[in-house]
Amino acid sequence: MKNNPVIAMLVTVSLIMTKNVSFSQKANQIIPFDTGTRMGKLANGFTYYIRRNLTPEKKAVFYLINKVGSVLETEKQQGLAHLLEHMAFNGTVHFPKTEIINYLQNKGVRIGADVNAYTDFNETVFQLPIPINDKKLFKNAFYIIRDWAQGITLEDEEINKEKGVILAEMRQHSGAAQRIKAKTKPYLFNRSIYAQRPPLGKQEVIKSFKNEDLRSFYQDWYRPDLQAIVIAGDININEVEDMIVAIFSNLKNPSERKIRPQFTIPLDGKNQFVTVTDPEVPTTQVEITIKHPRNELKTRDDFRRNLLRKLFNTMATNRINELLAQDKVPFLAANVNIGKFVANLDAFVSRMNCDGERLENALKAYWIELMKIKKYGFTRYELQKAKTALLSGIELNYKERDKRPSENYAKECLAHFLEGIATPGQGYEMQMYKTMIPEITAEEIQLEIVNKYLTQQNRDIIIVCNTSQKHTLPNEQQFLNWLKQIEQKPLDKYLGTKPVRLVLMNNLPPPGRIIAEQSLEDIGIRELILANGIKILLKPTNFKEDQIVFRGFSLGGLSIVNDLDFYEGRLAADLVNMSGVANHSPLELENILVGKNLNVTPYIEDISQGIEGTSTKKDLETALQLVYLYLTSPRKDSTTFTHLKNQIKLTNHFSKTIPTQIFQDTIQAVMGNYHFRKMKMPESRIDALNLDKILKIYKDRFADVSGMNFILTGSFNVDSVKPLLIKYLGAIPALHRHETIRNLRHKYPSGRISKKIAKGNEPKAIVFLSYSGSFDYHIKNILQMRALSNILKTRLITKLREDQGGIYTADVSLIANKLPSGQYNYAINFVCAPKNTEALILLVNAEIINLKEHGPSIDEINKYISTEKGIWSSLLISNDFWRDYITGKLMYGEKLKFPEVGRIEKELSIESQKDTAIRFFSNQNYVKLVLVPESGK
Ligand SMILES: [Zn+2]
């Protein structure tokens, strides 16, 4: 049965469009469903959403949404909703065993990166994006979804294998965050079912459940009246609808249909207080959660309330950031947000981090700010700023509406199916923003948001601190007294900073000029040389309606900075970036940039320094002004410097107690051959950091732009950006000192190194293996090496995860550098049970030996080639890709030409991969590092 509500909706929408004036009177009317999406329901209750959308071209995304999650599990089924999600990839009616994975990989669809799934309290969602030029694949995608809906075979053998993977996934997620969550959620979820049914489930149940319990869960709940399919992309709506009717009409509801309960978290008005200690948390955190019923987002009133909340969030965040920028603020970080919580609830959540020894001071200073908001609200200027920022973001989004990815439409349908969240379409939404935002006053926000959300009931106070600072924790009465002391104090009204003159640059420098110009036709680039030496590469594109990305860089970087000043050099760009610019403080700069869509960031890396960012067409001039100012007038800000120093001190101090951090530091030290430039700054050095020296180094790094390449790609017209480039980039002074890289002769460690680090108590091991060496950097090598790392990764996941159930995932990464000298490093990572460490490492080695002796199979090679094709098709339409690609070519002094997309297809063979494995996985330089718990188990 087809159900077509489109026409009815067209009528509603057109009526509204013509009656702009009466918007506010019709405040509480229901927001209509987007007319561009066809929604319908089959006779068996199966819902469908179909959306035609051409970004990206020739692709479509399929979702299967089940209103089924961990809250529906019985005691004996804890964790089975999630296990069932995994089983969808381990045998279905049309695709036995692991055929789905195999089939999709052959079609270039990546597992994890493309096809994916998740299980939550109330839902299980499968996502399958595919290319649509292959007719058979397109049809099969329907059958894969159909199989997931009611055709997962759940064979005993496959279930047993998957148990290990689930346990490995639990192990991967275990750690401080997990431990703290386990202790706090009974309070946050008010002891409801949500506290007892974490989606990952319970280890004991996973080890011992009966397969029948899994099958009955599938039969009870995977049924058409709780399911929906979403298909968005480059498709024909009628054709897709016909296929849905043909393929999904025979889904059956069970003869005895269980009622699907709607579980809620009860609000009883009570306040709760809880403290938690853990040996691995670096700072003390106070989290205040005030729970409220969900704002449902179905009517125009709901939409308006949501807008009020957004504005509140922006203003409160700005207020706190302002405080954080001041001298002597006693806390390290803080944030405030009103948003979605869990199930039927929303929440006001505020977090403050501080040094535990200063908890009382920090909390009071923080609470004063919240109480000022509560008492006096926000100023008109704060509201005006927040509105400007919100509107400009939304306008930019609206401009890109024709280039909106299909994924976004699919997510909207998901929210509509699960929670009835209104999705009226971009035009209608824009109308609501335009009408409602100007009407909103500070008083309305006070009345509707501050007074209603910052309340004194349903409030949970959670304090988490490092076990070593347990003595600093207050009890509930003490803590409440601290709050009360602030609440009873007369508070000064917040006046805020007066808006300064909002001009970034007063005196424009004399412009430069172009001394040479040429076109690189093959790659669509116009090249300009400015008189100061900057070489500009312009690549206009139409991938987006309004996006420009840029990067200017030159060689040198930290390699030029002498050893004594190295730590100052390493911090320089970050500090300058946080310190405002020219004579504008960070706060003034933020005021100047309100409502502008741009960002500009200077950086200094090992062998280069540069500045990069993004902007819209309209804001390009401001972005270039910022480039000019960051390169010529960095600002000295001792307050920011002190804050940064304190942050580094505190994290350095506690990271010595965090096992994963210790392990990470060890990897860096070993791989950097214990050279001080590759390691963390010693604690003793932090106090000796010198602000003047930092600025001096920064200025020196950017004193000479004569060797700079400046790349600009995106939606611009070459002739219209030229005057701006001459005006700002052309005006930057240059020294023509012909700087290049200093070769510090760093090498990866040679020989065979093996280390075991025993830290922490979590029963998990982390393995790091590395093969490295010197090599001849050549694109021919790089293509083969990259293919090999992908093939090895897929193989390790197949062997160690699918066959052995020993890991959740494995990573194989490749670093290959040409400068200052050709060096490469293959690093392999995975998490496993401590007792399996050696056996799994042996398996990894066996796979490497196998690749050296036999190379990969033809099937593996074909899968890699298909994947590459898919990746290229999305890279070639990305401005970021082009910026990075051109950067790489210029940095390595290679000829600029169009990427050789099909080359790997011609050069990849069993033999070439075998050779690559023999050359680059030699046993000469091998590092094996393992983190295990102190108990060894
Ligand atoms: Zn999982």
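**Q** Please clarify how the coordination of the zinc ion should be interpreted in this entry.
**A** Angles at a metal have ideal values that depend on geometry: 109.5 degrees with four tetrahedral donors, 90 or 180 degrees with six octahedral donors. Distances from the zinc ion to its protein donors, His82 (NE2), His86 (NE2), Glu169 (OE) and Glu169 (OE), fall at 2.1 to 2.6 Å. What the four donor atoms of the zinc ion show is an angle range of 55 to 144° at the metal, which sorts the shape as irregular. Along the chain, the residues donating to the zinc ion fall in the pattern H-x3-H-x82-E. Taken together, the positions of His86 in helix α2 (residues 80-87) and Glu169 in helix α5 (residues 156-173) put the pair 83 residues apart, joining distant regions of the chain. On the basis of relative accessibility, which here comes to 6%, the residue His86 falls in the buried class. On the basis of relative accessibility, which here comes to 7%, the residue Glu169 falls in the buried class.

**Q** Hey, could you run me through the nonpolar core in this one?
**A** Looking at soluble globular proteins, one finds that nonpolar side chains tend to be buried together. In this structure, Phe62, Phe142, Trp148, Ile244 and Phe248 are the most contacted members of the largest nonpolar core, which totals 80 residues. Among the elements that make up this core, the one with the highest residue count is helix α4 (residues 135-150) (eight residues). Taken domain by domain, this core gets at least three of its residues from each of domain 1 (35-248) and domain 2 (272-406 + 417-487). Contact partners of Phe248, with chain neighbours within four places excluded, come to Leu42, Asn44, Phe46, Phe142, Ile145, Arg146 and Ile229. Core analysis: the next-biggest nonpolar cluster, separate from the first, contains 62 residues, Ile31, Ile368, Met430 and Ile461 among them.

**Q** Hey, could you run me through the side chain of Ser655 in this one?
**A** You can see Ser655 is positioned in helix α21 (residues 638-655). For Ser655, a relative accessible area of 8% puts it in the buried group. Apart from residues no more than four positions distant in its own chain, Ser655 is found in contact with Gln661, Ile662 and Lys680.

**Q** When you look at the pairing of strand β11 (residues 459-466) in this model, what are you seeing that I'm missing?
**A** With respect to burial, β11 is a largely interior element, eight of its eight residues being buried. Two strands pair when backbone bridges link them, and strand β7 (residues 272-278) and β11 are joined in this way by seven bridges, in the parallel orientation. When the bridges of β11 are listed, Phe273 appears paired with Ile461. Pairing geometry for strand β8 (residues 284-293) and β11, over six bridges, is antiparallel. Bridging across to β11, Glu287 finds its partner in Ile462.

**Q** Explanation requested: the side chain of Glu169 in the structure shown.
**A** Here Glu169 occupies a buried position and makes no salt bridge, while the nearest side chain of opposite charge, Arg801, is found at 5.9 Å. Setting aside chain neighbours within four positions, we find Glu169 in contact with His82, His86, Leu200 and Tyr808.

**Q** Sorry if this is basic, but what is going on with the pairing of strand β22 (residues 823-832) here?
**A** Regular strands show a simple pattern: their side chains alternate between the two faces of the sheet. With nine of ten residues buried, β22 lies mostly within the body of the structure. Pairing between strand β20 (residues 765-774) and β22: ten bridges, direction antiparallel. When the bridges of β22 are listed, Ser772 appears paired with Asn825. Where strand β21 (residues 810-817) meets β22, eight bridges bridge the pair, whose relative direction is antiparallel. Bridge pairing in β22 places Ser813 opposite Ala827. Two successive antiparallel strands, β21 and β22, enclose a turn made up of five residues.

Definitions and limits used
Residues numbered from 1 in each chain as written. Predicted model: local features only at pLDDT ≥ 70, side-chain atom pairs only at ≥ 80, totals over all residues. Heavy atoms only, no water. Donors = N, O, S within 2.8 Å, 3.2 Å for Na, K, Ca; no water. Tetrahedral: all angles 85-135°; square planar, octahedral: opposite > 155°, others 65-115°. Helix = DSSP H or I, 4+ residues; strand = E, 2+ residues; numbered from the N terminus. Buried < 20%, exposed > 50% of the residue type's maximum accessible area, 1.4 Å probe, protein only. Core = buried A, V, L, I, M, F, W, Y, C linked by side-chain atoms within 4.5 Å. Domains from an automatic or database assignment. Contact = heavy atoms within 4.5 Å. Pairing = 2+ DSSP bridges. Lys, Arg positive; Asp, Glu negative; His and termini not counted. Salt bridge = Lys/Arg side-chain N within 4 Å of Asp/Glu carboxyl O.

Geometric values such as these leave the question of function open.
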